[in-house]
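As a plain string of letters, each chain reads:
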Amino acid sequence: MNLLMLIKIITLILVILNSNLFAAGPFSHIMFADLYLQAVYPNKYLLSSEDRKKNEYLMGALFPDIRYLGVIQREETHSQNNDYNNMSLNAGFLAGVHHHAFVDLQRERFAGVYGIYKYLDGIEQQDKAAFLKLVEDEIFFKNSNSKYRATYSISLSSIKHFKIYDQKIKEWYELMDQYLILGPSKFIEIMAGKNLNYFGISPKKLSLWSKKIKQYADNPKFIKYCDKLLSLFEENFIFIAEDQGKLFNEKKFRKWLKGFSKISVKAGIDDDIVQREFKNVLFNPSVLYKDRNQVSHAMSVDQDTIAQWMFIPEHGPTSTRVSVGKHMLNKYKDNVIDIENKLNVDKEIILAIWGTESKYGYVHYQYEALDAILTLAYDGRRTIFVKEAIALLRQISKGNIVRPQPSSWAGAIGQTQFLPSNISAYGMSYDSKENIDLMNSAPDVLSSIALYLSAHGYSKNIPIGQLISITNDKNIQFNKQMKLGEIKKYLKPNIGQWLIDDNELVKIIKLPNEHLPKLLVTKNYNILMKWNKSDLFGMQILYLANELMVYSRRYDSASAS
């Protein structure tokens, strides 16, 4: 590599590092563009003409950040219009440019709601956005089976629209080619080794970064983050491939938002709040992919899935929902006893729901709530999300929610995974503060879970049920309510020890997967089904609640003696 090329590379990367824009890195852009083409246009590259289109598309995906050379403004290459039709292969180079903008928008939102920046220890605040891009690129670079180059033949006439000198364009792709060959950490290492100082970034800092990029690229938190980011785009592209632009384009979405803003104002939301929040809404295709590919029953669940569900590695390599639940019962003992007495709900059930919904607060949510809910409302398959969008805007108005608000793909919020309407109805501030904090306040989370159950008729000291084995299920009528005494003879010993007496009304539920246990449930189970109408969810709650109940009763007995 000659000195002139080295200086160009150094100049480019230093500008990138000094940028505060929340955008993807070059390797991420070309990799995501390739994934998109594979999903939307499989088997399209058998002919040389199609290869040319693919090459121009990939070059278009790399092009917008030529602004780092100071030859163009970001607004000229980063359209806010992420209409799928603008990403069509037929548009070649310009389609790749639109793809770049689509990736930046989706990636920026994801990084924000995931909360990954708080884990960048030892990196100055103004450097975090640029540094994270390099970490992402390093991880994708290390794990990619594809070797990308930026030296494909490309018709410069495709770029004339942007009025940039041909020499600058050539320079840009030469720089990109070196980046894609070497990868981020190697780039930084070369610069630091030459003891060059450009744009205020010292060789000392560059040397530190070259090591730190590699360290973060081996960090499980960042590897997991990149896995989730990759999954987000794969879901986006699969949905786009299936949809082929029929359900969505940006103009139609914005027109729909304009109409829905009037509905929101009529519902009592301040117009200024509606306009402010809707301006920042991002349509998210992966939400619709999730909606169309839900696991609706237990048939697809195996023992490995259940084992994976049990562990909470963020709390320690061997920690499970049971062990962490016991810890949380002790940590919040005074809170849960107080809540149990005031709302007449067993503390173990409260903890079991908390642990099942959010791993006691250790879950990283990947979606932005208003993005997700408005995407689903626009889709129109389930009208409930129109109501939820209004409820969410109301919570934003009250200050209970500040965007970007992390959520599930369906817009469920906080450690309780409440939809916005449930926050309005059952969200509870334990300390009677004005705002309800279901993201960070464990007492608010616990009291809100209890209020929901209490309001739906939960009866304390009547267990929800147990996981059971049956000696002979030919004589059992499943899903039929009967007295415990009538079916006890068909159950293995010690079943029903938490039930009050043989006259307690129960029923037995048989899950679709024969390898999973049966469920012996009481009337409180019906309350649980109002929370989540899934027997698989019910099975998880029964297991966790009973393990915690055994622990807490022994703990309480030991304390009393």
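It should be noted that the structure appears before, not after, this text.
Each chain has its residues counted from 1, following the order in which its sequence is written. In view of the model being predicted, local features appear only for residues whose pLDDT reaches at least 70, and side-chain atom pairs are presented and counted only at 80 or more, with totals across whole chains, interfaces and linings using the full set of residues. Side-chain figures throughout are based on the complete set of non-hydrogen atoms in the structure, without hydrogens or water.

A.B. asks: What's the story with helix H6 (residues 128-143) in this structure? I'm lost.
C.D. replies: Note on helix geometry: an α-helix contains 3.6 residues per turn, so any two residues three or four positions apart are oriented the same way. Helix and strand assignments follow DSSP, with helices taken as H or I runs no shorter than four residues and strands as E runs no shorter than two, numbered in order from the N terminus. Helix span is expected to be 1.5 Å times the residue number reduced by one. Its 16 residues give H6 an end-to-end C-alpha distance of 23 Å, which sits within 8% of 22 Å, the value for a rise of 1.5 Å per residue. For H6, a buried count of 13 out of 16 residues is recorded, marking the element as mostly surrounded by other parts of the structure. Only protein chains enter the accessibility calculation, which uses a 1.4 Å probe. A residue is then buried if its area is under 20% of the maximum for its type, exposed if over 50%, and partly exposed in between.

A.B. asks: Even after reading the chapter, I still don't get helix H9 (residues 203-217), so can you show me in this structure?
C.D. replies: For H9, spanning 15 residues, the distance from its first C-alpha to its last is 21 Å, which sits close to the expected 21 Å at 1.5 Å a residue. For H9, the full list of buried residues reads Pro 203, Leu 206, Trp 209, Ser 210, Lys 212, Ile 213, Tyr 216 and Ala 217.

A.B. asks: Honestly, the pattern of salt bridges in this entry has me stumped. Any pointers?
C.D. replies: Pairing is possible between side chains that carry opposite charge, provided their charged atoms lie close to one another. Put simply, a salt bridge is a Lys or Arg side-chain nitrogen that is within 4 Å of an Asp or Glu carboxyl oxygen. Within the structure shown, the criterion is met by 20 salt bridges. Arg 109 serves as the salt-bridge partner of Asp 371, at 2.5 Å between the closest nitrogen and oxygen. Here the residue Asp 371 occupies a position in helix H18 (residues 369-379), and Arg 109 occupies one in helix H5 (residues 93-114), the gap between them amounting to 262 residues. Judged by relative accessible area, Arg 109 falls into the partly exposed class, the value being 21%. In this structure, the salt-bridge partner of Asp 291 is Arg 381, at a minimum N-O distance of 3.0 Å. With a gap of 90 residues between them, Asp 291 in helix H13 (residues 285-292) and Arg 381 in the loop between H18 and helix H19 (384-398) connect regions that are remote in the sequence.

A.B. asks: Explain the sheet that holds strand E6 (residues 518-521) here, please?
C.D. replies: Sheet strands associate in pairs through backbone hydrogen bonding, adopting either a parallel or an antiparallel arrangement. Paired strands, in this sense, are two strands between which DSSP finds at least two bridges. Strand order in the open sheet formed by 4 strands is E3-E6-E5-E4, with antiparallel pairing between adjacent strands. At either end of the open sheet lies a strand with only one pairing partner, and these are strand E3 (465-468) and strand E4 (482-483). One ladder, built from 4 bridges, connects E3 with E6; its direction is antiparallel. In the strand pairing of E6, Leu 467 is matched with Leu 519.

A.B. asks: So what exactly am I meant to see when it comes to the packing of aromatic side chains here?
C.D. replies: What characterises a pair of aromatic rings is the spacing of the ring centres plus the angle enclosed by the ring planes. Aromatic rings from Phe, Tyr and Trp, with only the six-membered ring used for Trp, were paired whenever their centres fell within 6.5 Å, and each pair was classed as stacked if the ring planes differed by under 30 degrees, edge-to-face if by over 60, and tilted otherwise. For the structure shown, the criterion picks out 27 aromatic pairs. On the basis of an interplanar angle of 80 degrees and a centroid distance of 5.5 Å, the ring pair of Phe 131 and Tyr 216 is categorised as edge-to-face. Of this pair, Phe 131 sits in helix H6 while Tyr 216 is found in helix H9, placing the two residues 85 residues apart along the sequence. You'll find Phe 131 and Tyr 216 in the same group, each marked buried.

A.B. asks: Help me understand the environment of Tyr 551, please; the structure alone is not making it clear to me.
C.D. replies: By the secondary structure assignment, Tyr 551 is in helix H24 (residues 535-560). C-alpha of Tyr 551 to C-alpha of Leu 329: the two residues are 222 residues apart in sequence and 9.6 Å apart in space. Throughout, a contact is declared for two residues whenever any of their heavy atoms are within 4.5 Å. When neighbours within four sequence positions are excluded, Tyr 551 is seen to be in contact with Lys 326, Leu 329 and Asn 330.

Take it as geometry only, folks, not as evidence of what the structure does.
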